[in-house]
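# Descriptive analysis of the structure
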Amino acid sequence: MKYDIKPTEEKMKKAISAYSENLSTIRVGKANAAVLNKITVDYYGTPTEINQMAAVKATDPKTLEIAPWDASSLKAIEKAILASDVGITPQNDGKVIRLIFPQLTEERRKDIQKQVAKMGEDAKVAIRNIRRDANDKCKDMKKNGEMNEDEQKASEKQIQDLTDKYIKEVDAVTDAKNKEVMSI
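Here we summarise the structure given alongside this text.

Cut-offs used in this document
- Residues numbered from 1 in each chain as written.
- Predicted model: local features only at pLDDT ≥ 70, side-chain atom pairs only at ≥ 80, totals over all residues.
- Heavy atoms only, no water.
- Helix = DSSP H or I, 4+ residues; strand = E, 2+ residues; numbered from the N terminus.
- Buried < 20%, exposed > 50% of the residue type's maximum accessible area, 1.4 Å probe, protein only.
- Contact = heavy atoms within 4.5 Å.
- Core = buried A, V, L, I, M, F, W, Y, C linked by side-chain atoms within 4.5 Å.
- Arc of directions from axis to C-beta.

## A word on the environment of Ser155
Along the chain, the position of Ser155 falls in helix α4 (residues 149-183). With relative accessibility at 1%, the residue Ser155 sits in the buried group. Between the C-alpha atoms of Ser155 and Tyr19, which are 136 residues apart in sequence, the distance is 26 Å. Residues in contact with Ser155, not counting those within four places in the same chain, are Lys2, Tyr3, Cys138 and Met147.

## Comments concerning the environment of Met147
Within the element layout of this structure, Met147 appears in the loop between α3 (106-143) and α4. The class for Met147 is buried, based on a relative accessible area of 5%.

## Topic: the nonpolar core
In terms of nonpolar packing, the biggest core is built from 25 residues, with Tyr3, Tyr19 and Ile127 touching the most fellow members. Counting only elements with at least two residues in this core, the list comes to α1 (6-24), α3 and α4. For this core, the element with the highest residue contribution is α3, accounting for nine residues. Excluding residues that lie within four positions of it along the chain, Tyr3 makes contacts with Thr8, Ala134, Lys137, Cys138, Met141, Met147, Ser155, Gln158 and Ile159. Core analysis: the next-biggest nonpolar cluster, separate from the first, contains 19 residues, Ala31, Leu36, Val41 and Ile81 among them.

## What about helix α2 (residues 74-83)?
Leu74, Ile77, Glu78, Ala80 and Ile81 are the residues of α2 that are buried. The buried residues of α2 all sit within an arc of 160 degrees when viewed along its axis, so they share a single face. Exposed positions of α2 whose direction lies more than 90 degrees from the buried face are Lys75, Lys79, Leu82 and Ala83. Structurally, α2 contributes buried residues whose contacts are with β1 (40-43), β3 (54-60), β4 (63-68), β5 (91-92) and β6 (97-100).

By themselves, these figures tell us nothing about what the structure is for.
Listed below in C-alpha cells is the structure:
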C-alpha cells in the first residue's frame, strides 16, 4: 500500500496561498486595499473588517479612499488604522478617510525585503513541517505493516520531491515580491 500524497499536497498549496495572502498586506508604496485586510474595527461591540463596513477604493496610484456606509464609524475606522502597523496616518475630512502612500525610501525598501524574506522562511518552515508529518505517517504505516520498506522509501522520495517543488514556489513568490518592491 502506498502513501496517499494528495492531502500533503493540499496542505502545501494552502501554505503557499497563506504566504501569498500575507505578502499582499505589505505596503509597497502604491495604493492597495489589501493593506487593510488585517485591520478590524470595533463596530457596535463586534470586530469587523474595514472592507465590510466601508467602500475602499484607490483614487489614484498613491491614494486609498475609505468611505464608510455608516458615518458614525468614521472615527472608529481612523482609530483602528492609527493603532495598526500600516504606517500611514489617515486623513479624515468628515466624510471619507484618505490614506496617502508615501514614496518608498531605500531604507524602507530594505526593511520590506527583510520582512518578505522572513515571511518566506516561515512559509518554508510550514512546508517542511508538513513534510515531517507526512514522513512520520509513512513510518507509522511501515511500523503497522501497512507498507513495506521499499514502499516507504518511494513514498518519502515522493514527499521530498513535492516539498522541493513548493519550496521553489515560495522562492519564486518571494523573488516576485522583491522585484515589485524594487520597481516602485
